Amino acid sequence: MNFSLSAEHELIRETAHKFGQTEVLPGLRERDRAATSDRGMLDKMAAAGLLGVSIPEEYGGSGTDYISLGLVCEELERADSTARVVMSVHSGLHSLTLYQWGTEEQRRRSLPDLASGKKLGAFGLTEPDAGSDAVNLRTTAVLDGDHYVLNGEKTWISLADYADQFLVIAKSGETHVALIVDRNLPGFSSRALHGKLGVRAGNTGQIFFDNVRVPVENRLGDHGDGFKVAMSALDHGRYTVAAGAVGIITACLDACVPYANDRKVGGEPIGKKQLVQQMVASMVRGRDIGRLLYYQVGWMKNVGMRHSREVSMAKWVNCEAAFDAANKAVELHGAYGFIDEYPVERYFRNSRGAMIYEGTHEIHTLIQAEYALGYRVDKQLKVTLPGWQG
Ligand code: COS
């Protein structure tokens, strides 16, 4: 076992960290207050090469390994969840799934533009009546010659107003299909959701399909593979969320350590108080365990192993730890934790969302129990994500 990060990893971490500090944080409090997203940030992420991380060079990506994607997510979410969400949907749920399931022709057609950020990708699984129960979708795709006719709606779609193409999972007869849907197709529309508790500076919305004709050549996998494609996408998306959660814990420590050293009670820094130390220790514990969990998943991706159980574990444990750390960070800041003059109330709101999306806290609890009890056993996948070729 080798736990050391390479010089290239350190460089990627540093690049993502600087990006978070210089491009994500300025003006963020105002955008978060006003609940407005910054479309320009996506262009900057593209220019910085972040949107092609972990896509092989032959498809226009950076050719870096899968741990690199985790490191980028950790550092971006250390600044704000909105930037990490972009990586989750564009790189994790969309691009890596296309890389995994796409034919050579589909990869060559789509991945270079996605990796360069010329095009943005997003993911459409969740519906108003299908969240955890992802199998029971109402969106339908009816085969008509060499097209699928798509009708229905998807909700809680990150980048709904910005993405150029969506990986949409729909019911087709008794089975499912996964289709790449271009937003320019007639009958496609989107609208933003407002009033969110967290990730307020990010674009989240609904997408609608009114007799959208999608060419069969845009289908990922075979007719009937749609649910498997969706589950594969979640293996990648959950990885990015698990890594990002560690970034929230690090951000809590970034805020709490100086505060605990500066803030005095009775002439003594509150960091000297044992109950404050207990909170800080718990954050450090969450960060270090969380890193090991996501590094392990990154390694499994690198060597081409199935990691559905491990990624569910990492997502479950890390998101809980991030919410706990953010809650403690608010506590540690006292009344200052309750106002957006300090960042910790944002971490508290943002970390709560990650316990819902990409598999709720309850779904991951059940998945882990099912594996442990022998009710869930992973089979050989029909199509696997290629390991890192580096
Ligand atoms: N990759 C590829 N294929 C997978 C897979 C994966 N990670 N996980 C499961 N599959 C395949 C299975 O092999 C099975 O194939 P067969 O029909 O050939 O046997 C098929 O998909 C169905 O799998 P499974 O039986 O595990 O499905 P369940 O109905 O038991 O899944 C859960 C239930 C709860 C695990 C699933 O519905 C789920 O994860 N729900 C949460 C969805 C979610 O996270 N939504 C949030 C989206 S926010 S982007």
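Residues numbered from 1 in each chain as written. Predicted model: local features only at pLDDT ≥ 70, side-chain atom pairs only at ≥ 80, totals over all residues.

Engineer: Honestly, the nonpolar core in this entry has me stumped. Any pointers?
Structural biologist: Nonpolar side chains tend toward joint burial in soluble globular proteins. Formed by 110 residues in total, the largest nonpolar core has its most connected members in Leu179, Cys252 and Ala326. Take this core: its biggest share by element is 18 residues, from helix H7 (residues 226-262). Residues within four places of Cys252 in sequence aside, it is in contact with Met283, Ala325, Ala326, Ala329, Val344 and Tyr347. (Core = buried A, V, L, I, M, F, W, Y, C linked by C-beta atoms within 7 Å. Buried ≥ 20, exposed ≤ 12 C-beta atoms within 10 Å, placed from the backbone. Helix = DSSP H or I, 4+ residues; strand = E, 2+ residues; numbered from the N terminus. Contact = placed C-beta atoms within 7 Å.)

Engineer: For this particular structure, what's the right way to read the pairing of strand E3 (residues 147-158)?
Structural biologist: A regular strand carries its side chains on alternate faces of the sheet. Pairing between strand E2 (residues 140-144) and E3: five bridges, direction antiparallel. Paired with Leu143 across the two strands is Tyr148, which belongs to E3. Adjacent in sequence and paired antiparallel, E2 and E3 are bridged by two residues, among which Gly145 carries a positive phi angle near 65°. Examined bridge by bridge, E3 and strand E7 (residues 204-215) share nine bridges and lie antiparallel to one another. Among the inter-strand pairings, His147 is bridged to a residue of E7, identified as Pro215. (Pairing = 2+ DSSP bridges.)

Engineer: So what exactly am I meant to see when it comes to helix H5 (residues 81-101) here?
Structural biologist: In an α-helix, one turn spans 3.6 residues, which is why side chains three or four residues apart end up on the same side. The principal kink in H5, of about 30°, is found at Ser88. Here H5 lies mainly inside the structure; 21 of its 21 residues are buried. (Bend = angle between axes of the 7 residues up to and from the residue.)

Engineer: Honestly, the packing of H5 against H7 in this entry has me stumped. Any pointers?
Structural biologist: Close contact between H5 and H7 brings their axes to 8 Å; oriented N to C, the two are set at 150°. Taken together, the axes of H5 and H7 lie roughly antiparallel to each other. Where H5 crosses over H7, the handedness of that crossing is right-handed. Residue-level contacts link Ser81, Arg84, Met87, Ser88, Ser91, Gly92, Leu93, Leu96, Thr97, Gln100 and Trp101 of H5 to Val229, Ser232, Ala233, His236, Gly237, Tyr239, Thr240, Val241, Gly244 and Gly247 of H7. Residues that form the contact of H5 with H7 fall into these classes: eight nonpolar, 12 polar and one charged. (Axes fitted to C-alpha atoms, helices over the stretch in contact; angles between N-to-C directions. Parallel < 35°, antiparallel > 145°, perpendicular 65-115°, else oblique. Left-handed = near helix turned anticlockwise from the far one by under 90°. Nonpolar A, V, L, I, M, F, W, Y, C, P; charged D, E, K, R; others polar.)

Engineer: Could you clarify how one ought to interpret the site of the ligand in this entry?
Structural biologist: Taken together, 22 residues surround the ligand, and among them Ala134, Lys228, Met231, Ser308 and Gly359 come closest. Of all the elements in the fold, those that place two or more residues in the shell around the ligand are H7 and helix H11 (361-373). The dominant element in the shell around the ligand, judged by the number of residues it contributes, is H7, at seven residues. Class assignment for the residues of the shell around the ligand results in 11 nonpolar, seven polar and four charged. Looking at which domains feed residues into the shell around the ligand, each of domain 2 (122-223) and domain 3 (227-373) supplies at least three. (Near = placed C-beta within 6 Å. Domains from an automatic or database assignment.)

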